Amino acid sequence: MGRRPEPHIKDRLLDACADHALAHGLPDRLEPLATATGTSARMLIYHFGTRDALLRAVLERARQRQLDAFGDLLRVRPGEPYPATLDRAWSAITGPGGQPYLRMFGRLRESAEQRLWPGFRRTATTDWLGPLEEGLRSIGRPDLATLVLAVIRGLIMDLDATGDTDRADRAFHHFLAALEHLSVPGEQGDGRPARPAGPDTAAEA
């Protein structure tokens, strides 16, 4: 009887493959991944079954890392207005730490997407609506999630095409300024109801 694949070895190989793909792009062949993991293409097939199964697993591992990292950036933080949270998230997402994910998933060829992960583009969009709705609920406007997502995705596409970081940053800051005026009256930036005006609040003003 042949040996059965060992889960801890498979998991370690997958992490190494994901590291390589995020740094250099998703390869079409197994050899770059074999070199990156210090093993052979034959052993990768032994653990993952087929080349496409490995590449799909690499995409899924990288995607989960992105969801964890970007999802945390979009999370509401007590005492922080949500537009400020979005500003910080934008800087991180488009900065050095976020760029590998944007490159991998932004440039995934349609043919590769259909072969490895059918429906990925739809999933890659709708994944972010939940976190944004939750965050925007803190300013009373969860209904703006689609608009905010469209602006972020559009500016990321612009940034990828032109490399004009300053212009994209300015545009996003202008959008955040407009977002401040779209919040529901009576909601503070951290999602708490505004305090009614009275002697105490007047004295604090």
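From a predicted model like this one, the values you see are computed outputs, not experimental measurements.

1. A few points about the overall build of the protein
Part 1: On a plain count of helices and strands, the protein comes out with 12 helices and 0 strands.
Part 2: Overall, the protein shows an N-to-C arrangement of helices and strands of α-α-α-α-α-α-α-α-α-α-α-α.
Part 3: Looking at the protein residue by residue over its 205 residues, the buried ones come to 36%.
Part 4: Contacts spanning at least 24 positions in sequence make up 65% of the contacts within the protein whose residues lie at least 6 apart.
Part 5: Looking at the protein as shown, the accessible area adds up to about 11,600 Å², and 55% of this sits on carbon and sulfur atoms.

2. Let's talk about helix α6 (residues 99-106)
Part 1: Residues of α6 that are buried include every one of P100, Y101, L102, M104 and F105, and no others.
Part 2: Buried residues in α6 make contact with α1 (7-24), α4 (51-73), α5 (82-93), α8 (120-126) and α10 (145-162).

3. A look at the nonpolar core
Part 1: Of all hydrophobic cores here, the largest spans 52 residues; its most connected members are L86 and F172.
Part 2: For F172, the residues in contact, after removing those within four places along its chain, are L86, D87, W90, V151, I152 and L155.

4. Remarks on the pattern of salt bridges
Part 1: With the rule as written, the count across this model stands at 16 salt bridges.
Part 2: Taking the shortest distance from any N to any O, the salt bridge between R65 and D19 comes out at 2.7 Å. On the criterion of sequence distance, the pair formed by R65 in helix α4 and D19 in helix α1 is long-range, its members being 46 residues apart.
Part 3: Taking the relative accessible area as the measure of exposure, R65 reaches 23% and is therefore partly exposed.
Part 4: Between D164 and R167 there is a salt bridge; the shortest N-O distance is 3.2 Å.
Part 5: By relative accessible area, R167 is classed as partly exposed at 35%.

5. Comments concerning the confidence of the model for the protein
Part 1: Taken over all residues, the pLDDT of the protein has a mean of 87, while the share at 70 or more is 87%.
Part 2: Across the protein, the element-wise mean pLDDT spans from 38 in helix α12 (residues 199-204) up to 97 in α5.
Part 3: Confidence over residues 189-205 falls short of pLDDT 50; this stretch has 22 contacts with residues more than four positions distant or in other chains.

6. Focus on the side chain of R77
Part 1: Along the polypeptide, R77 turns up in the loop between α4 and α5.
Part 2: In this view, R77 contacts D72, T85 and R88; residues no more than four positions away in its chain are not counted.

7. Some remarks on the packing of aromatic side chains
Part 1: This model, assessed by the stated rule, comprises 6 aromatic pairs.
Part 2: Summarising the aromatic geometry, the rings of F70 and W128 are spaced 5.8 Å apart at their centres and angled 35 degrees between planes, so their arrangement reads as tilted. Pair noted here: F70 is in helix α4 and W128 is in the loop between α8 and α9 (129-136), with a separation of 58 residues, a long-range link.
Part 3: Considering the side-chain rings of W117 and F120, the 4.9 Å spacing of their centres and the 55 degrees angle between planes classify their relative orientation as tilted. The pair W117 / F120 is uniform in exposure class, with both members buried.
Part 4: An aromatic cluster is defined as three or more aromatic residues linked by ring pairs; in this entry it consists of F70, Y101 and W128.
Part 5: A cation over a ring is seen here: R63 above F105, with NZ or CZ 5.6 Å from the ring centre.

8. Section: the environment of E31
Part 1: Residue placement: E31 occurs in helix α2 (residues 31-37).
Part 2: Given a relative accessible area of 43%, E31 falls into the partly exposed group.
Part 3: A polar contact is formed between the side chain of E31 and the side chain of R29, at a distance of 3.2 Å.

Criteria and cut-off values
- Residues numbered from 1 in each chain as written.
- Predicted model: local features only at pLDDT ≥ 70, side-chain atom pairs only at ≥ 80, totals over all residues.
- Heavy atoms only, no water.
- Helix = DSSP H or I, 4+ residues; strand = E, 2+ residues; numbered from the N terminus.
- Buried < 20%, exposed > 50% of the residue type's maximum accessible area, 1.4 Å probe, protein only.
- Contact = heavy atoms within 4.5 Å.
- Areas by Shrake-Rupley, 256 points an atom, 1.4 Å probe, with all protein chains shown as cover.
- Core = buried A, V, L, I, M, F, W, Y, C linked by side-chain atoms within 4.5 Å.
- Salt bridge = Lys/Arg side-chain N within 4 Å of Asp/Glu carboxyl O.
- pLDDT = per-residue confidence, 0-100.
- Phe/Tyr/Trp six-rings, centres within 6.5 Å; stacked < 30°, edge-to-face > 60°.
- Lys NZ or Arg CZ within 6 Å of the ring centre and 35° of its normal.
- Polar contact = N/O pair within 3.5 Å; in protein donor to acceptor, adjacent residues only side chain to side chain.

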